[in-house]
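What follows is each chain in one-letter form.
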Amino acid sequence: MVTLGHFLLLSGLLMAIGLYGVLTRRNLIAVLMSVEILLNAAALAFASVAAFRDPSLFAGQVFALFIIVVAAAELSIGFAILLNVYRTHGAVTDDAIGEMRG
Amino acid sequence: MSLTAFYALAAFVLVFAILAVTTASMVRAALSLAITFFLIAGLYLLLGSPALAAIQFMVNASAIPIMTLFIIMMTQSRTSAGPRSWQIAAGLLAAAAALVFFKGNVGHGDGQITPVSPETLGVNLLQAALLPFEVASVLLLLAMVGAIVLARRRAG
Amino acid sequence: MSYVELSYWIPLLPALGFVLLVLFGRSLPGRSSGWIATAVMAVVAVLSLGLLRDVILAAPGWDLAALLGGNHEEALAKAGSPDFPFRLEWTWLAIRGEAGIPLVIYIDALAAVVTAMVALASLFIHLFSIGYMHGEERYPTFFAYLQLFSAAMLAFVLAGNFFHSLLAWEVMGLMSYLLIGFLYKKKTAQQAQKKAFITTKLADLGFMLGLFWLYLLIGNFDLADLASEQTLALIGTGAAAAVGLLVFVAAMGKSAQFPLHVWLLDAMEGPTPVSAMIHAATMVAAGVYLTGRFYPLLLHGEVLWVVAWVGALTALFAAVLAPAYADVKKILAWSTVSQLGYMFLGLGVFGWAAAMFHLLAHAFFKALLFLGSGSMIHGAKTQDIFEMDRLKKYMPWTYWTFLVGALALMGIPPFAGFWSKDLILHAAEEHARFLWLVGLTAAFFTAFYTTRMIVIAFHKPAMPSPWKAAAWTQGAPWLNLGPNEAEPDPSPPEGHRPHESGAEMIAALLALAVLSLVVGFWGSPVFGYGLLTLVYWGDAPELLPAAKLMAGYVTGTLVALAGAGLAAYWYTADPLRPRAPVWLTAALQRRLYLDEFFYRALGALAQAPTYALELFDRYVVDALVDLVGYLSLVASSFLRHLQSGRFAVYALYMLLGALALYVGGVR
C-alpha cells in the first residue's frame, strides 16, 4: 500500500539531489536545472499531501500548479539573464561571474 | 500494484535526477531532467490527479527541456566542469540537511488517495482561486516580457 | 475725517507703492515709475502736512515770555486738546484676547514735525531722482526701494511702540544696504554695502538688548509710557544707564557716530539721491530721533555726558577730516557725520529741543546740498571738485541753491544752521564749557571745508585732480580691496562742458532751499521759537531771549566767517594750497587709519577663536572620524572574504541560515 510517507520520502530525496546539484554544478544552466528539480520536489510534496490529507482536494493541487507556473517564469528569466552573461563574458560558468568578490 | 508502480517510478526518478545533476554532458543532463519530470508526471497519475500529470508533462517534461536545450546550444555549453572538492562536500552536507528536514514526515503511513478529476480542479481554480490564478497569468506575462527585453540584442 | 485718523496711510501708501513698483515696475514705460512714486510721496506729503496742522491746532500753547523768563509752571497759555498726543491703537499679536504687542501710532508734536520733514524731503528727492536716475538700469527698482525706505522711515517716526520702531529700523537698515549697493556691479559698492550693513547690524544689537532689558524692567514697549514719571520710578539708575547706553550704541551706528562712523563714507557708493535721502536727511537722523525718544531714560540714568562727548568728538573729528577730500560726496558725508555729532552734543547738554531743531534744519539743508552735488555730478560728469570747471558759470541754479545750503551748513545768519547750531552751542556753553570749545572749533572747520568745496568746484577752472595721482588713494584696504580692484572715479571726458540739470531737478533744489530757510526761521527767536515751543518737552534751558544769545551769535558767526575767510583766501589764490605734508594728507585720507585698524583688529579678534576651533576640529573631531573609518576598515578586511563571488558559496550560506533557523526552533 502506498502511503504519504513514501511520497514525502521521495520528495525529500529529490530535494537533496537538487540541493547537491545547485551546490556542485559549475555551469549556470545546470544550476538552473537543479533548481527545477528542487521546485518539482516541492510540487510533488504539495500534491501528495493534498491527495492523502486534504478533504477539499483543492489547495495542495493548486499550489503544485502554481509552483509549475513560477518555475516556468523563473527559468525563462534566468535563461534570459544567462544569455546576457554569455554575451558579456563569453561563458556561463561560475568563474565567469565570479568577479564580484570582496 | 500501485506500490510496485510507485517503487519503479521512484527508482527511475531518483536515478535520472542524480544523472541530471552529475553528468558532465549538458545535453545528457537536460535529457535526464526531461525523463525525471516525465516520470514525476506518472507519479501524479498515481496520486489520482490526471490534470497535474498533464500539465507536468506539457510544461516540465516538454517545454522546459526544449528551452534548456536551446540555451545550451546558444551558449555553447557542451559540458559542465566537474565540481571542486569543497563543492562536493557542501553538496553532500546540504543533501543530508534536506533529508533531516524531511525525516520527521516519513512515518505518516495511513490515509487513502482520493482521486480528483480535472473538472473539479478547473472549477475550483476558476472560483475559489480565481485571484491567484489571474495573478499567475500576470506573472507569466511579466516573465515573458522581461525575458524578451533581457534577451534582446542591444543596439550598438 | 481728520488727518489724524488717516495717519496710518502715511507709512502704508509708500509701502503699497513699493509693492506696485516691484510687481509691475518693469512693464511701466520710461520715467512713469518715477512719477508714480513721486505722486505717492506727494499724497503722503499732503497727509503729513495736514497731520502737522491738526497737531499744531491741538498742541498746548506756551506763553513765550514766561518760558523765556524761566517760569515754566505758569508758561502754559493754552491747554492742549484732551486727546493730544494722538494715539491710534490696534490689536496685534493677540494671544487669547490679550494684545501682546499692540500696534500703536503715537503722534506728538515731534513725531508730526519729523513726519512732515521726512515726507517733504522724500518727495523732493523722489522728484530729483526722476531726472537724475534716468537711463539707469533697474530704474523702477530704484524707486521701489526709495518707496519702501520712505515707508519704513515714516513708520519708525510714527511708531508708538519701540518694538515697531525696531522693525522699521531694521527695514531701513536693509534698504540702506540695498541702495548703497544699487550699482552692484562696482566692487567698491558691494564692499561698501556689506560694511554698512555689518557695522549698523552690530550696533543694532544694542537696540535689541536694550529693548528686551527695558521690557524686563517695565513690561511693555510703549514709547509714551517711557517718558512718564511713574515708569521711570520703576527703573533704577544703573539699569536706566545701561538700557539707555545700549540703545545709544544703536543710534551711534545708525547716525554714524565715532567710532561707528566708518560705514557712512563708503556708503557714498550709492547713487546721489540715496545719499541725500538715507545718508544725510532721514535715516541717519533716525539715530538722533531715537536718542531723543530715550532722552528721559538717559537723563534718569545720568549718562547724558556720554552722549555729549561722543557727539562733540565726532563733530570735530569729521570736520577736521573733511578738508582732505576731493570727492564732493565724501566731503558732504564727513559734514553729515559732523552735523549729527552736533545733534548728539545738543542732546547731551540738555538741549533736547535744540537738537531736534538742528535735526530738522540739517535734514533740509543737507538734502539740498546732496541733491546739489548730484546736480553738479550730473552736469560735470565727475565727483572730483578739482575736475569741475567753473560750475557757477554753467550751472547758476545749482550754484545759488547750493550756496543757500552751504551757508546754512556753515552757520551764517540768517540761514537755518545758524539758528539751530547756535542754540546747541549755547546749551553746551552753559553745561560743558570744554565741549563748547570743541563745538566752536568744529564750526570753524565746517566753514573752512564748505568754502573750500565751493571755491574749487564752482569758481575755479578744471585741473588735473591731485588726489587721483597720489599714492594714498590707491586701493582701499578698509574695504578689503587691492590696488587694482578699486576703480577710480571716472574723470569727465575730454572737452566736456558742464550743463545745467533738468527742470524737475532744479525744482527739487529750489523747494528744498526754500524749506530749509522756512524751517530755520520757524525755530529762530526772530519768530518766537515757534518750532521749539511746539515740540517743547520738559525743561528747556536753551530758550532764551535773543538778546541773551547775542554774544553766542556773534561768536559763532565770527568763527564761521574766520573759517570761510581762510579757505576763500587760500583756495582762491591756489586751489592746491595749503600743501600739507604727505604723511598728514595720507593719514587724513585714510581716515586716521581707523578703518584699517578696525578691519585688522576685528579680523584678528574674529580669527583667534577659529584657531582653537581648528585644533579641536583636527585633533578631536577628525580623529574620531578617522577612528570610525579605521575600525570599519579592519572589520571589512575580515568580512570581505565572505563575499567570495561564487554563487555556490552564497547558496550554502542560505542553507546554513535555514539550518540555523531550524535548529533555533523556527519551524
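Residues numbered from 1 in each chain as written. Chains lettered and ligands numbered in written order. Predicted model: local features only at pLDDT ≥ 70, side-chain atom pairs only at ≥ 80, totals over all residues. Heavy atoms only, no water.

Here we take up the overall build of chain B. What chain B contains, in helices and strands, is 6 helices and 0 strands. Scaling as 2.2 N^0.38, a compact globule of 156 residues should have a C-alpha radius of gyration of about 15 Å, whereas chain B reaches 19 Å, well beyond that. Its C-alpha atoms put chain B at 60 × 40 × 25 Å along the principal axes. The buried share of chain B, taken over its 156 residues, is 37%. (Helix = DSSP H or I, 4+ residues; strand = E, 2+ residues; numbered from the N terminus. Rg over C-alpha atoms; globule rule 2.2 N^0.38 Å. Buried < 20%, exposed > 50% of the residue type's maximum accessible area, 1.4 Å probe, protein only.)

So, on to the packing of aromatic side chains. Residue and element names in this part refer to chain C. For the structure on display, the rule yields 35 aromatic pairs over all chains. The structure contains a cluster of three or more aromatic residues connected by ring pairs, namely Tyr-139, Phe-142, Phe-143, Tyr-145 and Phe-182. If you follow Lys-254 out to its NZ or CZ, it ends over the ring of Trp-169, 5.0 Å from the centre. (Phe/Tyr/Trp six-rings, centres within 6.5 Å; stacked < 30°, edge-to-face > 60°. Lys NZ or Arg CZ within 6 Å of the ring centre and 35° of its normal.)

Turning our eyes to something else, we now look at the pairing of strand E6 (residues 103-107) of chain C. Residues and elements named next belong to chain C. Most of E6 is tucked away, with 4 of its 5 residues classed as buried. In terms of strand pairing, strand E3 (residues 86-90) meets E6 through 5 bridges, oriented antiparallel. By the bridge assignment, Glu-89 is partnered in E6 with Val-104. (Pairing = 2+ DSSP bridges.)

A separate point is the domain arrangement of chain C. Each assigned domain of chain C is listed with its residue range as follows: domain 1 (9-57 + 84-589) and domain 2 (608-664). One C-alpha centre belongs to domain 1 of chain C, the other to domain 2 of chain C; they are set 66 Å apart. (Domains from an automatic or database assignment.)

The next point concerns the domain arrangement of chain B. With domains assigned, chain B is organised as domain 1 (1-81) and domain 2 (116-156). Here domain 1 of chain B and domain 2 of chain B have C-alpha centroids that lie 22 Å from each other.

Listed as interface residues are 13 residues of chain A and, on the opposing side, 11 residues of chain C. Across the chain A/chain C interface, buried area totals approximately 900 Å², and carbon plus sulfur atoms make up 64% of it. Linking chain A with chain C are 1 salt bridge. Salt-bridge contacts for Arg646(C) lead to Asp95(A); the nearest nitrogen and oxygen are separated by 3.1 Å. In this assembly, chain A and chain C are joined by 1 residue pair in polar contact (both at pLDDT 80 or more). For the side of chain A that touches chain C, the elements supplying multiple residues, two or more each, are helix H1 (4-24) and helix H2 (28-53) of chain A. A per-element tally of the side of chain A that touches chain C places H1(A) first, with 3 residues. Of the residues that constitute the side of chain A that touches chain C, the class distribution is 7 nonpolar, 2 polar and 4 charged. (Contact = heavy atoms within 4.5 Å. Buried area = accessible area lost by both parts, 1.4 Å probe. Salt bridge = Lys/Arg side-chain N within 4 Å of Asp/Glu carboxyl O. Polar contact = N/O pair within 3.5 Å; in protein donor to acceptor, adjacent residues only side chain to side chain. Nonpolar A, V, L, I, M, F, W, Y, C, P; charged D, E, K, R; others polar.)

Let's shift gears to the confidence of the model for chain C. In this model, chain C carries an average pLDDT of 83, and 93% of its residues clear a pLDDT of 70 or more. When mean pLDDT is compared element by element in chain C, helix H5 (residues 139-158) of chain C scores highest at 90, while strand E5 (residues 98-99) of chain C scores lowest at 62. (pLDDT = per-residue confidence, 0-100.)

All names here are of chain C. Leu-214 and Phe-294 are the most contacted members of the largest nonpolar core, which has 225 residues in total. For this core, the element with the most residues is helix H17 (residues 352-380), which contributes 20 residues. Excluding anything up to four places from it in sequence, Leu-214 contacts Phe-162, Gly-219, Leu-226, Ile-235, Val-243, Phe-294 and Leu-297. (Core = buried A, V, L, I, M, F, W, Y, C linked by side-chain atoms within 4.5 Å.)

With that out of the way, let us pick up the confidence of the model for chain B. Here chain B averages 87 in pLDDT, while 94% of its residues score no lower than 70. Mean pLDDT values over the elements of chain B span from 81, in helix H4 (residues 85-103) of chain B, up to 93, in helix H2 (residues 26-46) of chain B.

Once that is clear, we can look at the packing of helix H4 (residues 109-132) of chain C against helix H12 (residues 272-281) of chain C. All names here are of chain C. Interhelical geometry of H4 versus H12 gives an angle of 165 degrees and a closest axis separation of 9 Å. Relative to H12, the element H4 is oriented roughly antiparallel. Read as a crossing pair, H4 and H12 show a hand that is right-handed. Between H4, through Met-117, Ser-122, Ile-125, His-126, Phe-128, Ser-129 and Tyr-132, and H12, the contact on the second element is made entirely by Thr-272, Pro-273, Ala-276, Met-277 and Ala-281. Taken together, the residues of the contact of H4 with H12 sort by class into 8 nonpolar, 4 polar and no charged. (Axes fitted to C-alpha atoms, helices over the stretch in contact; angles between N-to-C directions. Parallel < 35°, antiparallel > 145°, perpendicular 65-115°, else oblique. Left-handed = near helix turned anticlockwise from the far one by under 90°.)

Contact residues are listed per partner, giving 64 residues for chain A and 84 residues for chain B. Note on chain A versus chain B: buried area summed over both sides is about 6700 Å², and carbon and sulfur give 74% of it. In this assembly, chain A and chain B are joined by 2 salt bridges. For Arg84(B), the salt bridge identified is with Asp94(A), shortest N-O distance 3.3 Å. Secondary structure elements with two or more residues in the side of chain A that touches chain B: H1, H2 and helix H3 (59-89) of chain A. When residues of the side of chain A that touches chain B are assigned to their parent elements, the largest contribution, 20 residues, is made by H3(A). Residue composition of the side of chain A that touches chain B, by class: 43 nonpolar, 14 polar and 7 charged.

Attention shifts here to the pattern of salt bridges. Scanning the entire structure with this criterion turns up 16 salt bridges over all chains. With a closest N to O distance of 2.6 Å, Asp222(C) and Arg87(C) form a salt bridge. With Asp222(C) in the loop between helix H7 (187-218) and helix H8 (223-226) and Arg87(C) in strand E3, this residue pair connects regions lying 135 residues apart in the sequence. Taken together, the salt bridges that share partners define one network made up of Arg26(A), Asp94(A), Asp95(A), Arg84(B) and Arg646(C).

Tracing the chain through its elements places Thr382(C) in the loop between H17 and helix H18 (391-394). We classify Thr382(C) as buried; its relative accessible area is 2%.

The end-to-end C-alpha separation of H3(A) is 43 Å, in line with the 45 Å expected for 31 residues at 1.5 Å each. Looking one or two residues past H3(A), Gly90(A) carries a phi angle of roughly 80 degrees, positive in sign. (Expected span 1.5 Å × (residues − 1).)

This part is about the side chain of Ser48(A). Within the secondary structure, Ser48(A) is located in helix H2. Judged by its relative accessible area of 0%, Ser48(A) is buried. If we skip the residues at most four places from it in the chain, Ser48(A) touches Leu4(A), Phe7(A), Leu8(A) and Leu47(B).

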